[in-house]
Amino acid sequence: MFRKRYRQQIPELNTTSTADISFMLLIFFLVTSSMDTEKGLLRQMAPPPLEHEQPKDINRDNVMQVKLDGNNQLTCDGKTITYKELTAAVRSLAFVNRTGHVISIQADAATTYEAYFKMQDAVVIAYQELRDEYAKKHFGHGYNACTNDEKTAINEYYPQRISESPIQEGGAQ
Amino acid sequence: MRPMKSMFHQSRRSVPSLNVASMPDLIFTVLFFFMIVTHMRSDEVKVRLQVPEGVEVQKLANKQSVVNIYIGREGEKKGRSKGGRWAVQLNGNIVNPDDIPALIEHIRGGLSAENQARLTVSLRVDRQAPMGLVSEVKRNLQQAYALKINYNATEIKK
């Protein structure tokens, strides 16, 4: 009697619609979520200038004047250069005078953001190359493989000394 | 030529049904993949913009302490690249650049002490945006002591 009951076939659950349900979930997630990455160039701005603060004098030899004019023309100390050349120039300056150099950035009000961003990127590439070399020499691995302490040490060794002058109004606005 | 009988016999044979039992599993795998690699869209972007491309980009660490600022052209029409006023959007709504310090202060008030120190402003700016507007926004951020900024960009390999 019992035997017979056990031998009875268990009815199978109909799971045909599970695929449809999960498809619906999938489409819901595709619609409500976005793929765009939260990536970018991280920068630290200087605090707002105080009223009584006097601008510091720096030796002119250590300053590199990087300018972008209204036509997105990049100039460095008066000479027209490309972004690649800017990277090389920043690199050699930061290598020779690690803690004393200043890169002064100035953009025009009509400069497009893309040109400005490329310029910032070119400067950061130069620093990153120097830091990567330092990391390989002293820690035996690339900058990205460093621990936080090592990164802090490298960042102090090769500080990013970028000064940004406010944009002068007037002209093409 | 085959005999008649065998021809009829063949056509009456039923097609074996496909086993679709593993189909939900496959779709669930895709679903989980998408759930992991994407994140929920936090706010609707009301301006049209395309961020620039950069090499030295880093990932933003903490999502809670990020304020999004979008700078792009106003208007919905995707086809027109020209036209439309430049507008600044902070998180969910279009704002006047001069109101940014007050709004940042308001956002900061709602954050925990840890996140207040980590507050980062993610700037998503259109490639063609004039620097005059961008620097105006930056000056206002400076006034609000939101000094950590992040120029959003898509990564390109060297």
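Worth saying up front: this structure is predicted, and the values here are computed from it rather than measured. (Residues numbered from 1 in each chain as written. Chains lettered and ligands numbered in written order. Predicted model: local features only at pLDDT ≥ 70, side-chain atom pairs only at ≥ 80, totals over all residues. Heavy atoms only, no water.)

## Quick word on the overall build of chain A
The helix and strand tally for chain A stands at five helices and seven strands. Each helix and strand of chain A, ordered N terminal to C terminal, gives the series α-α-β-β-β-β-β-α-β-α-α-β. In chain A, which comprises 173 residues, the share counted as buried stands at 36%. Restricting the contact set of chain A to residue pairs at least 6 apart, pairs at least 24 apart contribute 68%. Accessible surface computed for chain A: about 11,700 Å², of which carbon and sulfur atoms make up 53%. (Helix = DSSP H or I, 4+ residues; strand = E, 2+ residues; numbered from the N terminus. Buried < 20%, exposed > 50% of the residue type's maximum accessible area, 1.4 Å probe, protein only. Contact = heavy atoms within 4.5 Å. Areas by Shrake-Rupley, 256 points an atom, 1.4 Å probe, with all protein chains shown as cover.)

## Side note on the overall build of chain B
Counting secondary structure elements, chain B contains five helices and 10 strands. Residues classed as buried in chain B amount to 41% of the 158 residues present. Total accessible area computed for chain B in this model is approximately 10,000 Å², and 55% of it derives from carbon and sulfur atoms.

## Notes on the packing of aromatic side chains
One pass over the full model with this rule turns up 11 aromatic pairs over all chains. Taken together, a centroid distance of 6.1 Å and an interplanar angle of 45° make the contact between Y113 of chain A and F117 of chain A tilted. Taken as a pair, Y113 of chain A and F117 of chain A lie in helix α4 (residues 113–138) at a separation of four residues, close to a single helical turn. On the basis of relative accessible area, Y113 of chain A is assigned to the buried category, the value being 0%. Under the relative-accessibility criterion, F117 of chain A is labelled buried at 0%. Between the aromatic rings of Y134 of chain A and F139 of chain A, the centroid separation amounts to 6.5 Å while the plane-to-plane angle is 80°, which identifies the pairing as edge-to-face. Its relative accessible area of 16% is what places Y134 of chain A among the buried residues. Each member of the aromatic cluster is reached from another via a ring pair, and the members are Y113, Y116 and F117 of chain A together with Y151 of chain B. It is K151 of chain A that lies over the ring of Y143 of chain A; its NZ or CZ is 5.5 Å from the centre. (Phe/Tyr/Trp six-rings, centres within 6.5 Å; stacked < 30°, edge-to-face > 60°. Lys NZ or Arg CZ within 6 Å of the ring centre and 35° of its normal.)

## What to know about the pattern of salt bridges
Residue and element names in this part refer to chain B. Scanning the model with the defined rule gives eight salt bridges over all chains in all. In this structure, E105 engages R108 in a salt bridge whose closest nitrogen and oxygen atoms are separated by 3.6 Å. Residue E105 and its partner R108 are both found in helix α3 (residues 100–109); the two are separated by three residues, about one turn of the helix. You can call R108 buried: its relative accessible area is 14%. (Salt bridge = Lys/Arg side-chain N within 4 Å of Asp/Glu carboxyl O.)

## Here's the deal with the nonpolar core
Counting 59 residues, the largest nonpolar core has L86 of chain A together with I69, I104 and L141 of chain B as its most contacted members. In terms of residues, this core owes the most to one element, α4 of chain A, which gives 13 residues. L86 of chain A has contacts with M64, V66, L74, I81, M119, A122 and V123 of chain A, leaving out every residue within four places of it along the chain. Core analysis: the second largest hydrophobic core is formed by six residues, A19 and L26 of chain A together with L31 and F34 of chain B among them. (Core = buried A, V, L, I, M, F, W, Y, C linked by side-chain atoms within 4.5 Å.)

## Overview of the packing of α3 of chain B against helix α5 (residues 131–143) of chain B
How two helices pack is summed up by the angle between their axes together with the distance between the axes. Residues and elements named next belong to chain B. Contact geometry for α3 and α5: axes closest at 8 Å, N-to-C directions at 45°. Taken as axis vectors, α3 and α5 run oblique relative to one another. Where α3 crosses over α5, the two elements pack in a sense that is right-handed. On the side of α3, the interface is formed by I100, P101 and I104, while α5 contributes V137, N140, L141 and Q143. Classifying every residue of the contact of α3 with α5 by side-chain character gives five nonpolar, two polar and no charged. (Axes fitted to C-alpha atoms, helices over the stretch in contact; angles between N-to-C directions. Parallel < 35°, antiparallel > 145°, perpendicular 65-115°, else oblique. Left-handed = near helix turned anticlockwise from the far one by under 90°. Nonpolar A, V, L, I, M, F, W, Y, C, P; charged D, E, K, R; others polar.)

## Description of the UniProt feature "transmembrane region" (unreviewed entry) in chain A
If you check UniProt for "transmembrane region" (unreviewed entry), the listed places come out as residues 12–31 of chain A in our numbering. Secondary structure over residues 12–31 of chain A splits into 80% helix and 0% strand, and the C-alpha atoms at its two ends are 34 Å apart. (UniProt positions renumbered as here; feature names shortened; annotations may be inferred.)

## Side note on α5 of chain B
All names here are of chain B. Here α5 spans 18 Å end to end across 13 residues, near enough to the 18 Å set by a 1.5 Å rise per residue. Most of α5 sits out of view: 10 of its 13 residues are buried. Looking at α5, one finds that the buried residues are M131, G132, L133, V134, S135, V137, K138, N140, L141 and Q142. After α5 finishes, the residue Y145 shows a positive phi value of roughly 60°. (Expected span 1.5 Å × (residues − 1).)

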